[in-house]
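Structural overview for review
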Amino acid sequence: MAGSTLLGVGAALADLVLPRTCAGCGLPGRSVCGGCAALLAAPQPAQPRRFPTGLPPTVAAGAYAGPVRPLVNAFKEHGRAELARPLGAALALAVAAVRLGSLHPAAPVVLVPVPASRAALRARGRDHVRELATRAVVELRAAGVPAEQRRLLRRRGRVRDSAGLAPAQRRANLAGSFVPDPGAAAPPGGALLVLVDDVVTTGATLCEAARVLDEGASPGCGPVLAAVVAATPRPSGAAPGAPAGPARYRLRTVHGTDLDRLSGPGGRD
Ligand SMILES: [Zn+2]
């Protein structure tokens, strides 16, 4: 039996014996309550505090704040596998939004998961970003968006844990850490390459991954875009709705379009 199937069975059994609570706020009932789901159904351009040069146009389904933090971490660090579905739906919403705002809003999308470091893979025993990308592809296809996942990047060498490093140190730490995966099939011409990750904080990881994709991507693919479940919000004081840095990415809403089915994680428990 495949590991993922075992995980699914485990989650189903846990549902039978454990009272389920919202992974964000602890409310009894569903694994993501309506209030927390709504926090991941408000796609916005990610706006790191110091907007890094080279950050691809990036949309987040919500802010990495309040109950969204324990919600994401319950999936990432604490093995709550049932959250793949709602968080994958949130990621799909962010992908749809970044595609709609691009120069090719009807193009097929190729989701490129940011690869996990070897240390993270060892520690977690799984690649949670790939799991989210897989679920997001299912959601996008169900909404009529031609979507697939390709692992176009690999990690190279050892990278220090970037927690606690200043932005410049993070970039130096990450430089050269991604390489094109020579075994990956080239993406179809005309597809939008969308890097996907769980959370964006400083943007350093997305910058480095986008740079390598841009240099190694097959001809015919436009500029690299990015979508994440959640983005660290700008500190209070930054004007809401301020331009999203030099990329000047303009977001168009998916609501009221054919993509309205992608309304985020609500009701996908
Ligand atoms: Zn909740």
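This text follows the structure it describes.
In this report, we go over the structure that sits alongside the text. (Residues numbered from 1 in each chain as written. Predicted model: local features only at pLDDT ≥ 70, side-chain atom pairs only at ≥ 80, totals over all residues.)

1. Structural notes on the overall build of the chain
- Along its length, the chain carries eight helices and eight strands.
- Out of the 269 residues belonging to the chain, those deemed buried represent 43%.
- The contacts of the chain with a sequence gap of at least 6 include a subset with a gap of at least 24, amounting to 77%. (Helix = DSSP H or I, 4+ residues; strand = E, 2+ residues; numbered from the N terminus. Buried ≥ 20, exposed ≤ 12 C-beta atoms within 10 Å, placed from the backbone. Contact = placed C-beta atoms within 7 Å.)

2. So, the nonpolar core
- Core analysis: the largest hydrophobic core is formed by 72 residues, its most contacted members being L91, A94, V95, V194 and V196.
- Counting residues per element, this core draws most heavily on helix α4 (residues 84-100), at 12 residues.
- Those residues in contact with V95, other than ones at most four positions away along the chain, are V109, L111, A136, L140, V194, V196 and A227. (Core = buried A, V, L, I, M, F, W, Y, C linked by C-beta atoms within 7 Å.)

3. Let's talk about the environment of T201
- Its place among the elements puts T201 in the loop between β7 (192-200) and α8 (204-216).
- According to the C-beta neighbour criterion, T201 is buried, with 20 such atoms within 10 Å.

4. So, the packing of α4 against helix α6 (residues 128-142)
- Put simply, α4 and α6 touch, their axes get as near as 7 Å, and they point 65 degrees apart. Between α4 and α6, the interaxial angle falls into the category roughly perpendicular. Crossing of α4 against α6: the hand is right-handed. Taken together, the residues of α6 that come into contact with α4 (itself represented by A84, R85, L87, G88, A89, L91, A92, V95 and A96) are E131, L132, R135, A136, E139 and L140. (Axes fitted to C-alpha atoms, helices over the stretch in contact; angles between N-to-C directions. Parallel < 35°, antiparallel > 145°, perpendicular 65-115°, else oblique. Left-handed = near helix turned anticlockwise from the far one by under 90°.)

5. Focus: α8
- With 13 residues, α8 extends 18 Å between its outermost C-alpha atoms, agreeing within 8% with the 18 Å of an ideal straight helix rising 1.5 Å per residue.
- Of all the residues in α8, the buried ones are A204, T205, L206, C207, E208, A209, A210, V212 and L213. (Expected span 1.5 Å × (residues − 1).)

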